[in-house]
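Residue-level listing of the chains:
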Amino acid sequence: MTPSPRDRGPAVPLVTRFLLDAQDVFLRAADHLPAPGRGGPIGRLNAAGWVIAHLATIHDLWINVLVGGQPADPWAADVQQRQAAATLAQPLPIPFAEARDAFVRIAARATTTVEALDPDGFERLVETRFGPTVVGYLVARAPAHLLVHAGELAVLGALVTAEDPGLTGALPRTDGPVADRDEANADLAPLVVQIGRAHV
């Protein structure tokens, strides 16, 4: 879905490459889900369309709005507003294809946002509804959110007899030896430790 930064020259921090790989893993999990799993909820589990919509709206908020300082995606903002009014006790019925298209659009914008960050940008403070936090925390947390919900989609697939998608599978941007051009990662190490201590 997103071209590999390894092909583009300038050093891209490891945490950024991991986020880009995680976006692809999530989309792969969504596309692996067969038609019977793309409809309404199965038992008490979330419907696949809702899972993708939730992931897309939060990804847009964290990366494009808070990190990138951009306006929210109109579709994501509408879904978030309607879901807040309904409360999580009544998940919105969101078509799978509509949610998938929104995620692809939001992830493409997120790719541009994070690739524009330099190492100093990870320490910038942004205001969230929970108070100030550093950009690096949001960039580091986003892959975990993507992979958790990729796993949720894989569970839905297993319930409708889909084969194991083998998540996470290859992470082409993240895997492999750390090259000299990844020296920016050393500057991020203290930030990662700080994030871990602050959010255990």
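Our structure is the block above this text.
This is a predicted model, so every value here is computed, not measured. (Residues numbered from 1 in each chain as written. Predicted model: local features only at pLDDT ≥ 70, side-chain atom pairs only at ≥ 80, totals over all residues. Heavy atoms only, no water.)

Novice: Just to check I follow, could you spell out the packing of helix H1 (residues 14-32) against helix H5 (residues 135-159) for this structure?
Specialist: Between two packed helices, the angle of one axis relative to the other and the distance separating the axes together describe the packing. Running from N to C, H1 and H5 cross one another at 15°; their axes reach a closest spacing of 9 Å. It follows from the interaxial angle that H1 and H5 lie roughly parallel. Of the two possible hands of crossing, H1 and H5 adopt the one that is left-handed. Only Val139, Ala140, Ala142, Pro143, Leu146, Leu147, His149, Ala150 and Leu153 of H5 make contact with H1, whose side of the interface consists of Val15, Phe18, Leu19, Ala22, Gln23, Val25, Phe26, Ala29 and Ala30. (Axes fitted to C-alpha atoms, helices over the stretch in contact; angles between N-to-C directions. Helix = DSSP H or I, 4+ residues; strand = E, 2+ residues; numbered from the N terminus. Parallel < 35°, antiparallel > 145°, perpendicular 65-115°, else oblique. Left-handed = near helix turned anticlockwise from the far one by under 90°. Contact = heavy atoms within 4.5 Å.)

Novice: Help me understand the nonpolar core in this model?
Specialist: In a soluble, globular protein the nonpolar side chains are often hidden away together inside. Core analysis: the largest hydrophobic core is formed by 31 residues, its most contacted members being Phe26, Ile52, Trp75, Ile94, Phe103 and Leu153. Counting residues per element, the ones that place at least two in this core are H1, helix H2 (48-67), helix H3 (74-86), helix H4 (96-115) and H5. In this structure, Ile58, Ile63, Val114 and Ala142 belong to the second largest nonpolar core, which totals 19 residues. (Core = buried A, V, L, I, M, F, W, Y, C linked by side-chain atoms within 4.5 Å. Buried < 20%, exposed > 50% of the residue type's maximum accessible area, 1.4 Å probe, protein only.)

Honestly, that's just the spatial picture; any functional story needs more than this.
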